[in-house]
Amino acid sequence: MIFASNLFIFVFLPIVLILYYSIPNIKYRNTILLLSSLGFYWYGEPRFVFIMLLSIVINYFIGLLIDKNRTKKKLSKFLLSLSVIYNLGLLFIYKYLIFTLSIINSIFPSHIKLPNIVLPIGISFFTFQILSYVIDVYTKKAHVQKNILNLALYISFFPQLIAGPIVRYNVIEEQIVKRKGSLDLFLEGIKRFIIGLGKKVIIANTMGYTADYIFKSNISTDGVSFALVWLGAICYTFQIYYDFSGYSDMAIGLGKMFAFNFEENFNYPYISKSITEFWRRWHISLGTWFRDYVYIPLGGNRKSKIRTIINLGVVWLLTGLWHGANWTFIAWGIMYYILLCIEKIFDLKNKKIPNVIRYIYTMLFVIIGWVIFRSDSLLTAFNYIKRMFTFNNFVDLKFYELLIENLGIILMALLFSFPIIKTKIFNNKYLNYLKWPILIIVFIISVSYITKGTYNPFIYFNF
Amino acid sequence: MKKIIKNLFIIAFVGFLTLTLSCTVLLSAEDFKSDARTIRKSEEYKSSNKLERINLLAKSIESTLNKKIFLKDNYIDIYGLFQKVLQKKVVHEGDTSLTVIKEKNGLLTASYPVGNITNYTKKLNSLADFSKENDIYFLYIKVPWRNTDDSLPFYIKDNCQDTSDRLVASFNDNVNVLDLEELLPKEKEKLFFKTDHHWNTETAFASYQHIIKDLDSKLDLNLTDKYLNDYDFKTYKNIFLGTYGKRTGKYYGGWDDFTYITPKFETNLQVINYRNVGKVEDVRKGSFADTLTYPEFLDKDLDRDLSVYYTYGKGTKAEVNITNLMPYNNKKLLILKDSYADIVYPFLSLNFKQTKVVDVRRYRAIHLFRYINKYQPDAIIFLQSPLDLYTEDLINFQEK
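What you see is a predicted model, and the numbers here were worked out from it, not measured in a lab.

Conventions adopted
- Residues numbered from 1 in each chain as written.
- Chains lettered and ligands numbered in written order.
- Predicted model: local features only at pLDDT ≥ 70, side-chain atom pairs only at ≥ 80, totals over all residues.
- Heavy atoms only, no water.
- Helix = DSSP H or I, 4+ residues; strand = E, 2+ residues; numbered from the N terminus.
- Buried < 20%, exposed > 50% of the residue type's maximum accessible area, 1.4 Å probe, protein only.
- Contact = heavy atoms within 4.5 Å.
- Core = buried A, V, L, I, M, F, W, Y, C linked by side-chain atoms within 4.5 Å.
- Buried area = accessible area lost by both parts, 1.4 Å probe.
- Salt bridge = Lys/Arg side-chain N within 4 Å of Asp/Glu carboxyl O.
- Polar contact = N/O pair within 3.5 Å; in protein donor to acceptor, adjacent residues only side chain to side chain.
- Nonpolar A, V, L, I, M, F, W, Y, C, P; charged D, E, K, R; others polar.
- Domains from an automatic or database assignment.
- Pairing = 2+ DSSP bridges.
- Axes fitted to C-alpha atoms, helices over the stretch in contact; angles between N-to-C directions.
- 1 Å grid on protein atoms, 1.4 Å probe; cavity = no way out; pocket = protein on both sides within 12 Å on 5 of 7 lines; lining within 4 Å.
- Points joined across faces, edges and corners; volume = space filled by probe spheres on them.
- Phe/Tyr/Trp six-rings, centres within 6.5 Å; stacked < 30°, edge-to-face > 60°.
- Lys NZ or Arg CZ within 6 Å of the ring centre and 35° of its normal.

**Some points on the overall build of chain A**
Argument step 1. Looking only at helices and strands, chain A has 19 helices and 0 strands in total.
Argument step 2. Taking the principal axes of the C-alpha coordinates as reference, chain A spans close to 70 × 60 × 50 Å.
Argument step 3. For chain A, with 463 residues in total, the buried portion stands at 57%.
Argument step 4. Restricting to contacts in chain A with at least 6 residues of sequence separation, those with at least 24 account for 77%.

**Things to note about the nonpolar core**
Argument step 1. Membership of the largest hydrophobic core comes to 176 residues, with the highest contact counts inside it found for A:F8 and A:F158.
Argument step 2. Apart from residues lying up to four places away in sequence, A:F8 is in contact with A:M1, A:I2, A:F3, A:L13, A:P14, A:F40, A:F158, A:F193 and A:L254.

**Quick notes on the interface of chain B and chain A**
Argument step 1. Contact residues are listed per partner, giving 42 residues for chain B and 49 residues for chain A.
Argument step 2. Of the roughly 4,500 Å² buried at the junction of chain B and chain A (both faces included), carbon and sulfur atoms supply 75%.
Argument step 3. Of all residues in chain B, B:F9, B:F13 and B:Y155 bury the most surface against chain A, accounting for 15% of the area lost on that side.
Argument step 4. At the boundary of chain B with chain A, the tally comes to 1 salt bridge.
Argument step 5. Between B:K6 and A:D184 there is a salt bridge; the shortest N-O distance is 2.9 Å.
Argument step 6. Summed over the shared surface of chain B and chain A, the number is 13 residue pairs in polar contact (both at pLDDT 80 or more).
Argument step 7. Counting residues per element, the side of chain B that touches chain A draws most heavily on helix α1 (residues 2-27) of chain B, at 13 residues.
Argument step 8. In terms of residue class, the side of chain B that touches chain A is made up of 23 nonpolar, 9 polar and 10 charged.

**Some remarks on the domain arrangement of chain A**
Residues and elements named next belong to chain A.
Argument step 1. If you check the domain split of chain A, you get domain 1 (6-178) and domain 2 (185-452).
Argument step 2. For domain 1 versus domain 2, the separation of C-alpha centres amounts to 26 Å.
Argument step 3. With 36 residues of domain 1 at the interface, the matching set in domain 2 holds 37 residues.
Argument step 4. Approximately 3,200 Å² of surface area, both sides summed, lies buried where domain 1 meets domain 2, with 75% of it carried by carbon and sulfur atoms.
Argument step 5. Our count for the domain 1 to domain 2 interface comes out at 2 salt bridges.
Argument step 6. A salt bridge links E263 to R168; the shortest N-O distance between them is 3.4 Å.
Argument step 7. Viewed at the interface, domain 2 and domain 1 are joined by 11 residue pairs in polar contact (both at pLDDT 80 or more).
Argument step 8. Elements represented by at least two residues in the side of domain 1 that touches domain 2 include exactly α1 (6-21), α4 (73-107), α5 (123-138), α7 (158-161) and α8 (169-177).
Argument step 9. For the side of domain 1 that touches domain 2, the element with the highest residue contribution is α1, accounting for 9 residues.
Argument step 10. Looking at the side of domain 1 that touches domain 2 residue by residue, the classes come out as 27 nonpolar, 6 polar and 3 charged.

**Quick notes on the sheet that holds strand β8 (residues 269-276) of chain B**
Where strands meet in a sheet, backbone hydrogen bonds hold them as pairs that are either parallel or antiparallel.
Residue and element names in this part refer to chain B.
Argument step 1. Across the sheet, which stays open at both edges, the 8 strands sit in the order β5-β4-β14-β11-β12-β10-β8-β9 with mixed pairing between neighbours. Where the open sheet ends on each side, the last strands, each with one partner, are β5 (176-179) and β9 (279-286). Each neighbouring strand pair of the sheet contributes to a mean axis angle of 15 degrees, computed without reference to strand direction.
Argument step 2. Where strand β11 (residues 332-337) lies against strand β14 (residues 379-384), 5 bridges are found, and the strand directions are parallel. Each bridged residue has a counterpart across the sheet, and for L334 the counterpart in β14 is I380.
Argument step 3. Sheet contacts for helix α6 (residues 118-133): β4 (137-142), β11 and β14; angle to β4, the most-contacted strand, approximately 150 degrees.
Argument step 4. Sheet strands touched by helix α10 (residues 201-219): β4, β5, β11 and β14. Its angle to β4, the strand with the most contacts, is close to 160 degrees.

**Observations regarding empty space enclosed by the protein**
Argument step 1. All chains considered together, the criterion is met by 2 cavities of 30 Å³ or more.
Argument step 2. Estimates place the volume of the largest cavity at around 160 Å³.
Argument step 3. Residue lining of the largest cavity: 15 residues in total, with A:T206, A:Y449, A:T454, B:K88 and B:H92 positioned closest to the centre.
Argument step 4. For the lining of the largest cavity, the secondary structure elements donating two or more residues are α9 (183-216) of chain A together with α5 (72-85) of chain B.
Argument step 5. Per-element accounting of the lining of the largest cavity gives the leading share, 5 residues, to α9(A).
Argument step 6. Class assignment for the residues of the lining of the largest cavity results in 5 nonpolar, 8 polar and 2 charged.
Argument step 7. Volume-wise, the second largest cavity comes out at about 60 Å³.
Argument step 8. Along the walls of the second largest cavity sit A:P165, A:I166, A:V167, A:R168, A:V171, A:F262, A:E263, A:E264 and A:S285, which together make up its complete lining.
Argument step 9. Partitioned by chemical class, the residues of the lining of the second largest cavity number 5 nonpolar, 1 polar and 3 charged.
Argument step 10. Looking at the lining of the second largest cavity, you find at least three residues from each of domain 1 (6-178) and domain 2 (185-452) of chain A.

**Regarding the environment of A:I240**
Argument step 1. By secondary structure assignment, the location of A:I240 is in helix α10 (residues 226-257).
Argument step 2. For the pair formed by A:I240 and A:S55, sequence separation is 185 residues and the distance between their alpha carbons is 30 Å.

**Details of the packing of aromatic side chains**
Each pair of aromatic rings is reported with the distance of its centres and the angle of its planes.
Argument step 1. The full count for this structure, using the stated rule, is 95 aromatic pairs over all chains.
Argument step 2. Judged by centre distance (5.7 Å) and plane angle (80 degrees), the ring pair of A:W230 and A:F389 falls under edge-to-face. In this pair, A:W230 sits in helix α10 while A:F389 sits in the loop between α16 (378-388) and α17 (397-416), placing the two residues 159 residues apart along the sequence.
Argument step 3. Against the face of A:Y20 rests A:R29, its NZ or CZ located 4.7 Å from the ring centre.
Argument step 4. Above the face of the B:Y252 ring, B:K102 is positioned so that its terminal group lies 4.2 Å from the ring centre.

**A short note on the pattern of salt bridges**
All names here are of chain A.
Argument step 1. Throughout the structure, instances matching the rule amount to 30 salt bridges over all chains.
Argument step 2. The shortest N-O distance in the salt bridge between R192 and D249 comes to 2.6 Å. With R192 in helix α9 and D249 in helix α10, the pair connects residues that are 57 residues apart, well separated along the chain.
Argument step 3. Using a relative accessible area of 11% as the deciding quantity, one classes R192 as buried.
Argument step 4. Look at D249 and you get buried, because its relative accessible area is 9%.

**Some words on the domain arrangement of chain B**
Argument step 1. Assigned domains of chain B: these are domain 1 (1-68) and domain 2 (109-398).
Argument step 2. Taking only C-alpha atoms into account, the centre of domain 1 of chain B sits 40 Å from that of domain 2 of chain B.

**Examining the side chain of B:K6**
Argument step 1. As for its placement among the helices and strands, B:K6 is situated in helix α1.
Argument step 2. Polar contacts involving the side chain of B:K6 include one to the side chain of A:D184, which spans 2.9 Å.
Argument step 3. Apart from residues lying up to four places away in sequence, B:K6 is in contact with A:D184 and A:L187.

Set out below in structure tokens:
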């Protein structure tokens, strides 16, 4: 089930809200949230709900055993390793096995038959949440969860199940058993949900239509113009931001409706003036996860400069792979790794470079990065990028159509990439009152798009 | 004050979600049940396990919900209004075949690629040859197309006119062509509904006049001015939201007028409607208005699944068999057609003793030559919109 659907908005959400608030006891409330979360996942993936449940049960017992055997360091380390191997093994089988076998087949004269494996939606998100739990218990950053239902709720809670944000266990541990809702929090939740819905449905889907049209063209043979490839790249840049941050906003908003507070996942990444800053603002929950559970345990930047560079390499290779089993994601991760290393080695932060140049440099590589990310293969990405820097056949009719027809939404996408609405309207004492009618209009327009059955892609199948 | 606004907002939001859910379930309970029944009968359902079956039923609920959600038409109107505010001339849907384009003259339309006319040419030439051999007058009606390069946004290219022209140019000498484009006014906005893909009733009636004059000249029907011109025109203002209008809502393209045309003179007919092949839907006897028109569709608040266009013909039927009980000749007519003919054949039928109307799209793989041999018409007319050249359903007939 997806948030931007009539089924979710007009059936699932009101039923869960009514059931939840008709019961005062938090234990029963959690049970309702758990059952509805399992139903939410089962609706999209009936078979895979059992895989998720098995993971929860196994990691629940491993958590208990780690806690029980704290004094036996070797045993608890072994148990942690067991959990990591199990969880990453599961992720490997579902997400990376076909990719690995195809690499083997292409390197060696082997003809291993590629299995037909369907990737369970959200497996990367819930695997990382499970790992977060077991590692937090092991490192004593969190207490062991003795109630399996509470652990199951943490893993499967529907707002963040299929598209994040990746909620770390130590952040939410207390909230599961002790949280207090309020009208203000609920209202804030509605606001965030509507903002997210509008971002996804009105902006991201419109940008996605244009981007998909252009990316599905054969850049080498279809006579796609210079202007059109740039438009495609820019529209995809907006699509992925508004889709992903829209989903995060909806997840955060839904969390608040049920009195949970998730951490922010995006912070206006397209205003960044360096790649380092971009990654502090983009998919924050993934960045902090890798920082806390990979980069720092590897030694972070506390050891030699070379070791820091190696550690960063590991993190960025994994970051790329996390997004999907394809060379494009690896190349995308490596590109960022190289740029971050350059920024670190040459200390670009403290160099006297005009902000405009910094901004252009950052966005240029971010856009190129998204082209690699969106392409089906490295060759397609190469051809696309090559076309972006080949100055012939400057413009075609399709460019005019897609630009003129989508100009309003493109300008909105550009405007809302900057914190202007937040600072000028939502934080203004008088203009603040405008937000309620604006939110109502955004909600109604979003529902009209959904009801109309407009283009509504789900872009997290790879994750 | 601030707290009151906040509370009101929460109540309004949750109340609205709940109200929508309740009203959808209450108002469309039958649709939910019927769709669920259809799923239960499907092969996929029968071959699934219990859990998968529940999932399939849940998916059927979602599908019905999307079709029948409370205030659906209002949402589509709002969607269209927003597209208008955004100054959009091309309105896309998830399904790109449903894209709607707004022309400079206000007509809503669609664009088409270069069409392949090979099979059309072959089939229609063969039908014309067969007609000639059997001494039947075969007439192809070239219907005008709504788009011109000047009226479309400059970045939209449409090839439907070209496809239609190429088809006519490819016919052999046995195909007689009545080119309505030459005979009707050039201003497209006068010929077509703004919000629908069909021509308007006035154009359909004018086309009837041109067609019957042509048939009279070839078949000696003894056509009189009464049958040609003695008709009553009643225009219903802002009543019709056509196919394109329903996709974009009433604020995007506005409403259409619909003119209800009936003969002023006395008529007496028997009409047998076949919804599908061999299945009689109804038998109607009486005047033109009672047998060939359905004025109950002249209603602005009509369910948007229906259409004011159904005033003539009540939607597509496989076959209509019209016997004129007050004929002024003994001639018989066969009309092979799409929905463009729905406002033409009722008027034509007044000029023949018997008229059979076949929509090959519903009468798939009809043994047409056998059918013609049995019926022995004096004339066959083939009337279709150029946009139907992009499917081959209308020529899906057997030649033997």
